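Per-entry structural report
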Amino acid sequence: MTTPAPTSAAARSTCLLRHVAILSALAACDLVPRDGDDPGTTTAASTTGAAACPLNDAWEPNDEPDDPTDVAWSGVSEWSAYHEVTDAYLCPGEDDWYRFDVASLGYGVHYLYVRALVRDAGLCGAACGEPVLAPGPDNAMTIEVYRADTHEPLTAQTADGGVLALGGYGDDYAGTLLVRVHSDTATAEYPYRLSVELRNYEGEDECEC
């Protein structure tokens, strides 16, 4: 049995506005900095992946599943929690790992929605007047989701057009989750945006132009 979506007009309006905002813009993020890190500092020295690059983001090192970046939910309600990362950067040969604490939300059911955009790609595409990237190895990205306690893979997607949308549901998503971002193209290098949402109800997103 699934838990119904919010029934009040105010709740539905709040959810719709937030989901439209996520789909159209993937707005500003609020990562939890590591102790001693300066969120405004981006240096090659912070990279410990396969190949350091000068444009890496300020949340390194997070290239190992045992040393991920802890991400705090920036919006939490009884129905959903989400976080949007807009300042990430993937270096050649690098992995980026993020950790999300789901158990603390206390939800009865667990529906995960992950969206990722390479460079300036738009989630809704040309139909909504958003930028579209030409498919190719330089725009290839893979997103993988794991249980943090067992490292069991839960869901994954690979795309070379700069737009990924994946998700899952069930008890496996009720604990702590790891999200891995990488590329099968050894030379791929680009900024990217990542949106992760956990819902306490079953629902669908649609692009609204």
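Residues numbered from 1 in each chain as written. Predicted model: local features only at pLDDT ≥ 70, side-chain atom pairs only at ≥ 80, totals over all residues. Heavy atoms only, no water.

1. Details of the pairing of strand β10 (residues 190-199)
Taking burial as the measure, the 10 residues of β10 include nine buried ones, the bulk of the element. Here nine bridges tie strand β3 (residues 80-90) to β10, and the two strands are oriented antiparallel to one another. Across the sheet, the residue bridging to Ala81 is Leu198, located in β10. One ladder, built from eight bridges, connects strand β5 (residues 111-118) with β10; its direction is antiparallel. Within β10, the position partnered with Leu112 by the bridge is Leu198. (Buried < 20%, exposed > 50% of the residue type's maximum accessible area, 1.4 Å probe, protein only. Helix = DSSP H or I, 4+ residues; strand = E, 2+ residues; numbered from the N terminus. Pairing = 2+ DSSP bridges.)

2. What to know about the nonpolar core
Membership of the largest hydrophobic core comes to 33 residues, with the highest contact counts inside it found for Met141, Ile143, Tyr192 and Leu194. Only β3, β4 (96-101), β5, β6 (141-147), β8 (163-169), β9 (176-182) and β10 provide two or more residues apiece to this core. A total of five residues in this core trace back to one element, the largest contributor, which is β10. Residues within four places of Ile143 in sequence aside, it is in contact with Val114, Ala116, Thr155, Ala156, Gln157, Leu164, Leu166, Val179, Arg180, Val181 and Leu194. (Core = buried A, V, L, I, M, F, W, Y, C linked by side-chain atoms within 4.5 Å. Contact = heavy atoms within 4.5 Å.)

3. Structural notes on the sheet that holds β4
Read from one edge of the open sheet, five strands run β1-β4-β9-β6-β7, paired in mixed fashion. Two strands in the sheet have a free side with no partner beyond their single neighbour: β1 (69-71) and β7 (153-159). Strand-to-strand twist across the sheet, computed as the mean angle between neighbouring axes with direction ignored, equals 20°. The sheet contact formed by β1 and β4 spans three bridges and is parallel. Within β4, the position partnered with Asp70 by the bridge is Arg99. (Axes fitted to C-alpha atoms, helices over the stretch in contact; angles between N-to-C directions.)

4. Observations regarding the packing of aromatic side chains
Following the criterion strictly, the structure yields four aromatic pairs and no others. Seen in terms of ring centroids, Trp79 and Tyr201 are 6.2 Å apart; in terms of plane orientation they differ by 80°. Their pairing is edge-to-face. Placement of the pair is Trp79 in the loop between β2 (75-76) and β3 and Tyr201 in the segment after β10, with a sequence separation of 122 residues. Each member of the pair, Trp79 together with Tyr201, is buried. Measuring from centroid to centroid gives 5.5 Å for Tyr111 and Tyr169, while their planes differ by 20°, and the two rings are stacked. Of this pair, Tyr111 sits in strand β5 while Tyr169 sits in strand β8, placing them 58 residues apart in sequence. Judged by relative accessible area, which is 61%, Tyr169 ranks as exposed. (Phe/Tyr/Trp six-rings, centres within 6.5 Å; stacked < 30°, edge-to-face > 60°.)

5. Notes on the pairing of β4
Relative to β9, β4 runs antiparallel, the two being bridged by six bridges. Each residue of the ladder has a partner; that of Trp97, found in β9, is Arg180.

6. Things to note about a negative patch on the surface
A cluster of acidic residues, Glu202, Glu204, Glu206 and Glu208, forms a negative patch at the surface. Relative to the assigned elements, Glu208 resides in the segment after β10. Since its relative accessible area comes to 49%, Glu208 is described here as partly exposed. (Patch = residues over 30% accessible without salt bridge, like charges linked within 9 Å, V, L, I, M, F, W, Y side chains within 5 Å. Areas by Shrake-Rupley, 256 points an atom, 1.4 Å probe, with all protein chains shown as cover. Salt bridge = Lys/Arg side-chain N within 4 Å of Asp/Glu carboxyl O. Lys, Arg positive; Asp, Glu negative; His and termini not counted. Charge placed at Lys NZ, Arg CZ, Asp CG, Glu CD.)

7. Some words on the sheet that holds β3
The strand order across the open sheet formed by five strands is β2-β3-β10-β5-β8, and the pairing between neighbours is antiparallel. Each end of this open sheet is capped by a strand with a single partner; those strands are β2 and β8. Where β2 meets β3, two bridges bridge the pair, whose relative direction is antiparallel. Its bridge partner lying in β3, Val76 is registered against Ala81.

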